[in-house]
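Observations on the three-dimensional arrangement
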Amino acid sequence: MKRRSWGQVFLNALEGIAYGLRTQRNVRVHTGVAILMCAAGFFFHISRTDWMFVLTAVFMVLVTELMNTAVEAAVDLAQPDIHPLAKAAKDTAAGAVLLAAVFAVIIGCIVFLKPVLTWLRVLLG
Ligand SMILES: Nc1ncnc2c1ncn2[C@@H]1O[C@H](COP(=O)(O)OP(=O)(O)OP(=O)(O)O)[C@@H](O)[C@H]1O
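Residues numbered from 1 in each chain as written. Predicted model: local features only at pLDDT ≥ 70, side-chain atom pairs only at ≥ 80, totals over all residues. Heavy atoms only, no water.

Focus on the packing of aromatic side chains
Within this structure, the stated rule accounts for five aromatic pairs. Between phenylalanine 42 and tryptophan 51 the ring centres are 5.0 Å apart and the planes differ by 55°, which places this aromatic pair in the tilted class. Since its relative accessible area comes to 59%, phenylalanine 42 is described here as exposed. For tryptophan 51, a relative accessible area of 19% puts it in the buried group. Three or more aromatic residues link up through ring pairs in this structure, and these residues are Phe43, Phe44, Phe112 and Trp119. (Phe/Tyr/Trp six-rings, centres within 6.5 Å; stacked < 30°, edge-to-face > 60°. Buried < 20%, exposed > 50% of the residue type's maximum accessible area, 1.4 Å probe, protein only.)

Comments concerning the environment of phenylalanine 112
By secondary structure assignment, the location of phenylalanine 112 is in helix α4 (residues 84–123). Sequence separation of phenylalanine 112 and leucine 123 is eleven residues, and the distance between their C-alpha atoms is 16 Å. Setting aside anything within four residues of it in sequence, one finds phenylalanine 112 in contact with Met37, Ala40, Gly41, Phe44, Ile46 and Val54. (Helix = DSSP H or I, 4+ residues; strand = E, 2+ residues; numbered from the N terminus. Contact = heavy atoms within 4.5 Å.)

Topic: unusual backbone geometry
At histidine 45, a position not held by glycine, the phi torsion is positive, near 50°. A relative accessible area of 70% places histidine 45 in the exposed class.

What to know about the side chain of glutamine 24
You can see glutamine 24 is positioned in the loop between α1 (6–23) and α2 (25–43). Reaching out from glutamine 24, the side chain makes a polar contact with the side chain of threonine 23 at a distance of 3.4 Å. Excluding anything up to four places from it in sequence, glutamine 24 contacts Tyr19, Thr69 and Glu72. (Polar contact = N/O pair within 3.5 Å; in protein donor to acceptor, adjacent residues only side chain to side chain.)

As for the UniProt feature "binding site: a divalent metal cation" (unreviewed entry) in the protein
The feature "binding site: a divalent metal cation" (unreviewed entry), as annotated in UniProt, sits at Glu72 in this numbering. Residue classification places glutamate 72 among the partly exposed positions, given a relative accessible area of 24%. In contact with glutamate 72, other than residues within four places in its own chain, are Gln24 and Lys90. (UniProt positions renumbered as here; feature names shortened; annotations may be inferred.)

Some remarks on the state of the cysteines
In protein structure, a disulfide is the covalent linkage between the sulfur atoms of two cysteines. Under the criterion given, the structure shown has zero disulfides. With no disulfide of its own, cysteine 38 lies closest to cysteine 109 among cysteine sulfurs, the gap being 16 Å. Taking the relative accessible area as the measure of exposure, cysteine 109 reaches 39% and is therefore partly exposed. (Disulfide = S-S within 2.5 Å.)

Quick look at a nonpolar patch on the surface
On the surface, a cluster of nonpolar side chains totalling about 730 Å² of accessible area is made up of Phe43, Leu113, Leu117, Trp119, Leu120, Leu123 and Leu124. If you trace the backbone, leucine 120 turns up in helix α4. (Patch = residues over 30% accessible without salt bridge, like charges linked within 9 Å, V, L, I, M, F, W, Y side chains within 5 Å. Areas by Shrake-Rupley, 256 points an atom, 1.4 Å probe, with all protein chains shown as cover. Salt bridge = Lys/Arg side-chain N within 4 Å of Asp/Glu carboxyl O.)

Focus: the site of the ligand
In the region of the ligand, the neighbouring residues are Gln24, Glu72, Gln79, Asp81, Ile82, His83, Ala86, Lys87, Lys90 and Asp91. Within the side chain of lysine 87, one N or O atom sits 3.4 Å away from an oxygen atom of the ligand. Here an oxygen atom of the ligand sits 2.6 Å away from a polar atom, N or O, in the side chain of aspartate 91. Against a free-state accessible area of 610 Å², the protein chains account for coverage of 57% of the ligand. Top contributing element to the shell around the ligand by residue count: α4, with four residues. (Near = heavy atom within 4 Å.)

What follows is the structure, given as structure tokens:
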């Protein structure tokens, strides 16, 4: 295979992200939640340390979602019929997304619960 330029490598990676967004509802939902978490970070002026945890959580979910999409595509190509190893591969990849999502929920609660409650208290008088 011909050696690709850095520009081509970057374009192929963007195509992969676009494929995930186009074909997977969960990737779109998690991207929406990631944007909301970042917007909340700006709104509540969270600390640098909190930003590090929030961004880690957000990127972990998006990265595992894309890896899950890649595993699904590769498994469907290699084994379109029912096979226990195909199930194991897809379920394990889905498990990685679940763990990342649980981590994100925990971080979201630790970082945002207090400022949201304070904001609501002020809002409701
Ligand atoms: N070839 C297969 N052999 C055995 N079990 C499979 C196979 N393909 C899928 N499965 C089982 O069905 C589940 C759903 O598979 P599917 O390919 O629909 O993925 P999905 O997680 O629903 O993704 P999507 O986001 O595309 O709906 C898998 O987690 C796995 O348990």
